[in-house]
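Examination of the molecular architecture
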Amino acid sequence: MNKYELAMVLSPALDEEGRVEEVAKVQATLERFGAKIEKVDDWGKRKLAYEIKKVNEGFYSFTTFEAPADAPAEIEARMRIMENVLRYLIIRKEA
């Protein structure tokens, strides 16, 4: 099991309930592929450094988790098709 961190930017068009629902969907996807979530850090709405899909702000969320080595590829494949996720990045943390 390796440690990873998922950084994602969600659409600002979501209301509070929609944002919580979207984060829960992502966490369910993580757990489906054997990830054990350690920490979730929501930063709230922030201004983006550059526009993405004609949007200049979004909700930032960071999730630290442990998962098997093949899990990040599967998770990224699922996140790529989520329409409320503007950007995401999974990095492997050093032990």
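So, here is what we can say about the structure in this document. Quick caveat, the model's predicted, so the values are computed rather than measured.

Considering the sheet that holds strand E1 (residues 2-10)
Across the sheet, four strands lie side by side as E2-E3-E1-E4; this open sheet has antiparallel pairing. The open sheet is flanked by strand E2 (36-52) and strand E4 (85-92), the only strands paired with a single partner. Direction aside, the axes of adjacent strands within the sheet are offset by 20° on average. Where E1 and strand E3 (residues 55-67) come together, nine bridges link them in antiparallel fashion. Residue pairing in the sheet places Lys3 in a bridge with Glu66 of E3. Against the sheet, helix H1 (residues 16-32) touches E1, E2, E3 and E4, its axis set at about 155° to E1.

Digging into unusual backbone geometry
Although it is not a glycine, Lys53 adopts a positive phi angle of roughly 55°. Located in the positive-phi region is Lys54, a residue other than glycine, with phi close to 60°. With respect to the helices and strands, Lys54 occurs in the loop between E2 and E3. On the accessibility criterion, Lys54 (78% relative accessible area) is exposed.

Things to note about the side chain of Thr29
Looking at the element boundaries, Thr29 is found in helix H1. A polar side-chain atom of Thr29 sits 3.0 Å from the main-chain carbonyl oxygen of Lys25. In this structure, Thr29 is in contact with Arg78 and Met82, ignoring residues within four places of it in sequence.

Regarding the environment of Phe59
Here Phe59 shows up in strand E3. Once residues within four sequence positions are removed from consideration, Phe59 is found in contact with Met8, Val9, Leu10, Ser11, Pro12, Leu14, Arg19, Gly44 and Lys45.

Brief notes about the pairing of E1
Direction of pairing for E1 relative to E4: antiparallel, over a ladder of seven bridges. Opposite Tyr4, over in E4, you have Arg92 as the bridge partner.

Some details on the pattern of salt bridges
Side chains carrying opposite charge are able to pair once their charged atoms draw close together. This model, assessed by the stated rule, comprises six salt bridges. Residues Glu16 and Arg19 are paired through a salt bridge, measuring 2.5 Å at the closest nitrogen-oxygen approach. Here Arg19 and Glu16 lie together in helix H1, a separation of three residues that amounts to about one turn. Judged by relative accessible area, which is 48%, Glu16 ranks as partly exposed. For Arg78, the salt bridge identified is with Glu74, shortest N-O distance 3.3 Å. You can see Arg78 and its partner Glu74 sitting in helix H2 (residues 71-79), four residues apart, about one turn around the helix. Under the relative-accessibility criterion, Arg78 is labelled partly exposed at 29%. A cluster of three or more residues bridged by salt bridges with shared partners is formed by Glu16, Arg19 and Asp42.

Quick notes on the rules
Residues numbered from 1 in each chain as written. Predicted model: local features only at pLDDT ≥ 70, side-chain atom pairs only at ≥ 80, totals over all residues. Heavy atoms only, no water. Pairing = 2+ DSSP bridges. Helix = DSSP H or I, 4+ residues; strand = E, 2+ residues; numbered from the N terminus. Axes fitted to C-alpha atoms, helices over the stretch in contact; angles between N-to-C directions. Contact = heavy atoms within 4.5 Å. Buried < 20%, exposed > 50% of the residue type's maximum accessible area, 1.4 Å probe, protein only. Polar contact = N/O pair within 3.5 Å; in protein donor to acceptor, adjacent residues only side chain to side chain. Salt bridge = Lys/Arg side-chain N within 4 Å of Asp/Glu carboxyl O.

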